[in-house]
Amino acid sequence: MDVAGVRVLVTPMGALAVLAAVAAGVALGTCSGLVPGVHVNTLALLLAAAAPLAPGPPHLVGAALLAAGVTHSILDVVPMLALGVPDAALAVSALPGHRLVLGGRGREALRVSALGSATAVVVAVAFGVPATWLAVRAAPVVYAHLPVVLAVLVVVLVAREQSRRARFGAVLAVAASGTLGSVALPMQPDAVVPTGDVLSPLFAGLFGAPVLLAAFRGDGIPEQADARIAVPPREVVRPGVAGSLAGAAVAYVPGVSGAIAAVFALDLTGDDSGDRAFVAALSGVNTANTVFALFALFAIGDPHTGVLVAFERARLPRTLPVLVASVVLAAAVTAAMVPAVGDRYFRAVRAVDHRRLTAGVCLLLVVLAWLFGGGTGVGLLGAATAVGAIPPVFGARRVHLMGVLLVPIALGTA
């Protein structure tokens, strides 16, 4: 079979080679996904630097790279749930998954996330082609009015807050993160690694460090109850399906994050099953996005995820059948791994001093910021951490911090 000018042998040995590449990618993504504080974009930057040195045919290197990315994006829910648990007094402003952990339902949250990801694999495969067909025809209109689209998006997100104080905090978070992004994104930091980038320290500061600092002041992971999902399966599958379809928006509209898509997916479906619905929807968005974004790359030529940016930087061949099969297989395997791996991870974290562990993760964030941005990266990490602390102070959602991308894109400075 000749795909994009690259001959891919559809033989038993060729299939085994693809499976081996996927297995290598899953192993790599598992190692990185379970390391707290390592964002999937950080993995992508490392992969972009290492891809030219990897042995094997380029199309297999590409399969392994994408498999690693989707594995990381599914498994990183485990350290997120295990290490970002704040003091119980802050439960109201905690992330939905953390509220479940504080209530002793962390093992259930893992299974809700896994079911949301598994649902997304099925939905993305079924709707990948028709969603792409529609998106390609809608893309010129959306891109022509992108500033207006993003502005409306921000206004709706702010309006969804439940109190005047929270809405003020949301506006402040959008303005502060947007200003930070407008200043930081054009920078060319003196990085230690050749694929340096300002996004790694920005996202670590906005979404990682503030959560870890809140967890440092907490009491660690409480005793977790049984793993049974306490709601009927349809109340997990339905938001998982909605999130999966919303994953197409993340794949095609620049600046739209998984959390933003999950919020709108739940609004459109009228789902009110609380934290579990959000966890399922967000897992569905993130997993489906890996498939939809791949179709988007072939359809419109733009990489809209960090892993696909790494794929393009490494100049790997666009072998769509191999890449889609690799992503889907890796996603299915990883979704099945989440409960077993997560349960063991919870036990391991409960066995150590959570303050020392949290401090170690914060130190890791500083090291990564230095690797990818030098002194500038460390400074951006500090500034982003200060901005990332704004939403909880006002009881607003952290999703407004995506102004770091939405504002520069709308202004044309990204």
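Bear in mind that the values here come from a model prediction, so they are computed numbers and not experimental data.

Asks: Sorry, what's going on with the overall build of the protein chain here?
Replies: Counting its secondary structure elements, the protein chain contains 17 helices and 2 strands. The C-alpha atoms of the protein chain give 20 Å as radius of gyration, which agrees with the globular expectation for 414 residues (22 Å, within 12%). The principal-axis extents of the C-alpha atoms in the protein chain amount to approximately 60 × 50 × 45 Å. Buried residues in the protein chain amount to 54% of all 414 residues.

Asks: It is not clear to me how the environment of Gly14 should be interpreted in this structure. Could you clarify?
Replies: Along the polypeptide, Gly14 turns up in helix H1 (residues 12-33). In this structure the C-alpha to C-alpha distance between Gly14 and Ile229, which are 215 residues apart in sequence, comes to 40 Å.

Asks: Is there a simple way to think about the side chain of Thr358 in this case?
Replies: Inspection of the secondary structure puts Thr358 in helix H15 (residues 354-388). Other than its neighbours up to four places away in sequence, Thr358 contacts Leu212 and Phe216.

Asks: Would you mind showing me how to read the environment of Val291 here?
Replies: Among the secondary structure elements, Val291 is positioned in helix H12 (residues 275-300). The buried category is assigned to Val291, whose relative accessible area is 5%. A sequence separation of 103 residues divides Val291 from Phe394, and the C-alpha atoms of the two residues are 36 Å apart. Dropping the residues within four chain positions of it, Val291 is found in contact with Ala124, Val327 and Val328.

Asks: Which parts of the structure should I look at to understand the packing of aromatic side chains?
Replies: Working definition: an aromatic ring pair is given by the centre-to-centre distance plus the angle between the planes. If you walk through the whole model with that rule in mind, you get 2 aromatic pairs. For the ring pair Phe168 and Phe394, a centre distance of 5.5 Å and an interplane angle of 65° mean the geometry is edge-to-face. In this pair, Phe168 is assigned in helix H8 (residues 164-184) and Phe394 in helix H16 (residues 390-394), connecting sequence segments 226 residues apart. In this structure Phe394 comes out as buried when scored by relative accessible area, which is 18%. Considering the side-chain rings of Phe203 and Phe207, the 5.8 Å spacing of their centres and the 20° angle between planes classify their relative orientation as stacked. Taken together, the positions of Phe203 and Phe207, both in helix H9 (residues 199-216) and 4 residues apart, correspond to about one turn of that helix. Over the ring of Phe216 we find Arg355, and its NZ or CZ is 6.0 Å from the ring centre.

Asks: Please explain H15 as it appears in this structure.
Replies: For an α-helix the count is 3.6 residues per turn, leaving residues at separations of three or four pointing the same way. Here H15 contains 35 residues, and its C-alpha end-to-end distance of 22 Å is more than 12% below the 51 Å for a straight helix at 1.5 Å per residue. For H15, the principal kink sits at Gly373 and spans about 135°. The N-capping residue of H15, defined by a side-chain oxygen 2.9 Å from the backbone nitrogen of Arg355, is Asp353.

Asks: For this particular structure, what's the right way to read H9?
Replies: Here H9 is 18 residues long and its end C-alpha atoms lie 24 Å apart, about the 26 Å a rise of 1.5 Å per residue gives. Approximately 45° is the largest bend angle found in H9, and it occurs at Gly205. Counting buried positions along H9 yields 13 of 18 residues, so the element is predominantly enclosed.

Asks: Before we go on, may I ask you to explain the pattern of salt bridges in this structure?
Replies: Think of it this way: side chains of opposite charge can pair up when their charged atoms draw near. This structure, assessed with the given rule, holds 10 salt bridges. Here Glu108 makes a salt bridge to Arg276, at a shortest N to O gap of 2.5 Å. In this pair, Glu108 is assigned in helix H6 (residues 106-144) and Arg276 in helix H12, connecting sequence segments 168 residues apart. The two residues Glu108 and Arg276 agree in class, both being buried. Taking the shortest distance from any N to any O, the salt bridge between Arg350 and Glu223 comes out at 3.1 Å. Within this pair, whereas Arg350 is found in helix H14 (residues 320-350), its partner Glu223 is found in the loop between H9 and helix H10 (234-252), the two being separated by 127 residues in sequence. Given a relative accessible area of 42%, Arg350 falls into the partly exposed group. Members of the salt-bridge network, linked through shared partners, are Arg105, Glu108, Asp226, Arg228 and Arg276.

Asks: Help me understand the confidence of the model for the protein chain, please; the structure alone is not making it clear to me.
Replies: A low pLDDT means the predicted coordinates there should not be read in detail. Of all residues in the protein chain, 92% have pLDDT values of 70 or greater, and the mean over the chain is 84. Looking across the protein chain, the model is least confident in strand S1 (residues 2-3), with a mean pLDDT of 42, and most confident in H8, with 95. Scored below 50 in pLDDT, residues 1-9 makes 17 contacts in the model with residues more than four places away or belonging to other chains.

Asks: Hey, could you run me through the environment of Val198 in this one?
Replies: Secondary-structure assignment places Val198 in the loop between H8 and H9. Judged by relative accessible area, Val198 falls into the buried class, the value being 6%. Excluding its chain neighbours within four sequence positions, the residues that come into contact with Val198 are Ala184, Leu185, Met187, Pro189 and Leu380.

Asks: How should the packing of H12 against helix H13 (residues 306-313) be read in this particular structure?
Replies: Axis angle and axis distance: for two packed helices, these are the angle between their axes and the distance between the axes, and together they describe the pair. H13 packs onto H12 with a crossing angle of 40° between their chain directions and a minimal axis gap of 10 Å. Here H13 runs oblique to H12, going by the angle between their axes. H12 and H13 meet at a crossing whose hand is right-handed. Touching Ala293, Leu294 and Leu297 of H12 are Leu308, Phe311 and Glu312, all from H13.

Cut-offs applied
- Residues numbered from 1 in each chain as written.
- Predicted model: local features only at pLDDT ≥ 70, side-chain atom pairs only at ≥ 80, totals over all residues.
- Heavy atoms only, no water.
- Helix = DSSP H or I, 4+ residues; strand = E, 2+ residues; numbered from the N terminus.
- Rg over C-alpha atoms; globule rule 2.2 N^0.38 Å.
- Buried < 20%, exposed > 50% of the residue type's maximum accessible area, 1.4 Å probe, protein only.
- Contact = heavy atoms within 4.5 Å.
- Phe/Tyr/Trp six-rings, centres within 6.5 Å; stacked < 30°, edge-to-face > 60°.
- Lys NZ or Arg CZ within 6 Å of the ring centre and 35° of its normal.
- Expected span 1.5 Å × (residues − 1).
- Bend = angle between axes of the 7 residues up to and from the residue.
- Polar contact = N/O pair within 3.5 Å; in protein donor to acceptor, adjacent residues only side chain to side chain.
- Salt bridge = Lys/Arg side-chain N within 4 Å of Asp/Glu carboxyl O.
- pLDDT = per-residue confidence, 0-100.
- Axes fitted to C-alpha atoms, helices over the stretch in contact; angles between N-to-C directions.
- Parallel < 35°, antiparallel > 145°, perpendicular 65-115°, else oblique.
- Left-handed = near helix turned anticlockwise from the far one by under 90°.

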